Amino acid sequence: MHQRPPPARRCRAPGCERTVPSQWAAMCLWHQMRNRRFGDPSLTGCLKRSELKPYLIEVRRLCARGHEERTEHVFSGIQQRLRELAESTLAERLNAAAQGREWFRRAEEEIVRVTADANPVEAAHLIGALFLMRERVPRRWPTERAFRFDVVRAWRKLAGISYGSAWDHRLGKMRRMYRELRPRVVETVAEWLVTAYAPLVARLRAAARADVEEPKTFSDALAAALWPSFVQSLLTTSGAK
Ligand SMILES: [Zn+2]
């Protein structure tokens, strides 16, 4: 029997007139690429440093009210614990007969790599600033997923190794390029980060909201909330590992 091919479907992204490349695809190639890269088809770029800057300044100011050495100790503790957990999970995975999903392993490898290189204070300030910005400008990200893609991207950039090089035709020279992770790997890394930094984010949010002149209370509460064992239990219970 001769069957007529079904009419080409439209891309599901709002306002897009393009057709999908195959019967299984929901979006046109252009929107698929954006969805992979930014976590949402409606976005055309990642968060710019200048957009985040005011929130970074605010977070630094809030943290500066606390006991510097102690705050740094807490921030280092979060990152170190994150690294140790990713390393031990990775070691268990590589010893086991069944190694589990490939993207879990890739996510753990990426966490080990970035935590080895990133400055823990910068990392904490960055993640705090991102969450503060999302609270202040919720419409900046159409979805939680899109927000998390920016969190992971900005965090990876703290370690230079997130970059590869590529030839830029326009500039006529080699250019440093952000190396993309698969979306599933990004989602998994995000889960680890969001869980590990949740107590810090909660404290910062409360401090920013109240914006009270109580530096001592803030720093003590920060230290109490962020001991590595607490972060570990959070990661374990959330199933992030
Ligand atoms: Zn489209």
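Residues numbered from 1 in each chain as written. Predicted model: local features only at pLDDT ≥ 70, side-chain atom pairs only at ≥ 80, totals over all residues.

> Can you break down the overall build of the protein residue by residue, with the values?
Each helix and strand in the protein was counted, giving nine helices and two strands. Of the contacts formed within the protein by residues at least 6 apart in sequence, a portion of 69% connects residues at least 24 apart. (Helix = DSSP H or I, 4+ residues; strand = E, 2+ residues; numbered from the N terminus. Contact = placed C-beta atoms within 7 Å.)

> Explain the nonpolar core residue by residue, including any values.
A general trend in soluble globular proteins is that nonpolar side chains are found buried together. Of all hydrophobic cores here, the largest spans 43 residues; its most connected members are Ile 78, Ile 127, Val 151, Val 152, Trp 155, Val 189 and Leu 193. At the level of secondary structure, the elements contributing two or more residues to this core comprise α2 (49–64), α3 (68–95), α4 (102–117), α5 (120–136), α6 (144–156) and α7 (183–210). Broken down by element, this core gets its largest block of residues, twelve residues, from α7. Residues in contact with Val 151, not counting those within four places in the same chain, are Ile 127, Leu 130, Ala 190 and Leu 193. (Core = buried A, V, L, I, M, F, W, Y, C linked by C-beta atoms within 7 Å. Buried ≥ 20, exposed ≤ 12 C-beta atoms within 10 Å, placed from the backbone.)

> Let's hear about helix α1 (residues 29–38): which residues, and what values?
Among the residues of α1, those classed as buried are His 31, Asn 35 and Phe 38. In a view along the axis of α1, the buried residues occupy a sector of 100°, so they form one face of it. Across α1 from its buried face, at more than 90 degrees, point the exposed residues Leu 29 and Met 33. Packed against the buried residues of α1 are α6. (Arc of directions from axis to C-beta.)

> Got a sec to walk through the environment of Arg 205? Specific residues and values, please.
When you line up the elements, Arg 205 lands in helix α7. In this structure Arg 205 comes out as partly exposed when scored by C-beta crowding, with 14 C-beta atoms within 10 Å. Distance from Arg 205 to Val 59, taken between C-alpha atoms, is 9.4 Å for residues 146 residues apart in sequence. Contact partners of Arg 205, with chain neighbours within four places excluded, come to Phe 131, Leu 132 and Glu 135.

> Could you give me a rundown of the environment of Val 152, with the residues and numbers involved?
As for its placement among the helices and strands, Val 152 is situated in helix α6. The spatial distance from the C-alpha of Val 152 to the C-alpha of Val 186 is 6.5 Å, given a sequence separation of 34 residues. Setting aside anything within four residues of it in sequence, one finds Val 152 in contact with Val 186, Val 189, Ala 190 and Leu 193.

> Give me the lowdown on the packing of α3 against α4, citing residues and values where you can.
Running from N to C, α3 and α4 point in directions that differ by 140°, and their axes come no closer than 9 Å. Crossing geometry of α3 relative to α4 is assigned as left-handed. Taken together, the residues of α4 that come into contact with α3 (itself represented by Gln 79, Leu 82, Arg 83, Ala 86, Glu 87, Thr 89, Leu 90 and Arg 93) are Arg 105, Glu 108, Glu 109, Ile 111, Val 112, Thr 115 and Ala 116. (Axes fitted to C-alpha atoms, helices over the stretch in contact; angles between N-to-C directions. Left-handed = near helix turned anticlockwise from the far one by under 90°.)

> So, α4: which residues are in play, and what are the values?
If you check α4, its first and last C-alpha atoms are 23 Å apart, about what 16 residues at 1.5 Å a residue would give, namely 22 Å. Along α4, the residues classified as buried are Ala 107, Glu 108, Glu 110, Ile 111, Val 114 and Thr 115. All buried residues of α4 fall inside an arc of 160° around its axis, so they share one side. Among the exposed residues of α4, those oriented more than 90 degrees off its buried face are Glu 102, Ala 116 and Asp 117. (Expected span 1.5 Å × (residues − 1).)

> Go over the packing of α3 against α5, please, and point to the residues and values.
As a packed pair, α3 and α5 sit with axes 8 Å apart at the nearest point and diverge in direction by 85°. Of the possible angle classes, the one that applies to α3 and α5 is roughly perpendicular. Two secondary-structure elements touch here, α3 through Glu 72, Phe 75, Ser 76, Ile 78 and Gln 79 and α5 through Pro 120, Val 121, Ala 123 and Ala 124. Residues of the contact of α3 with α5, tallied by class, amount to six nonpolar, two polar and one charged. (Parallel < 35°, antiparallel > 145°, perpendicular 65-115°, else oblique. Nonpolar A, V, L, I, M, F, W, Y, C, P; charged D, E, K, R; others polar.)

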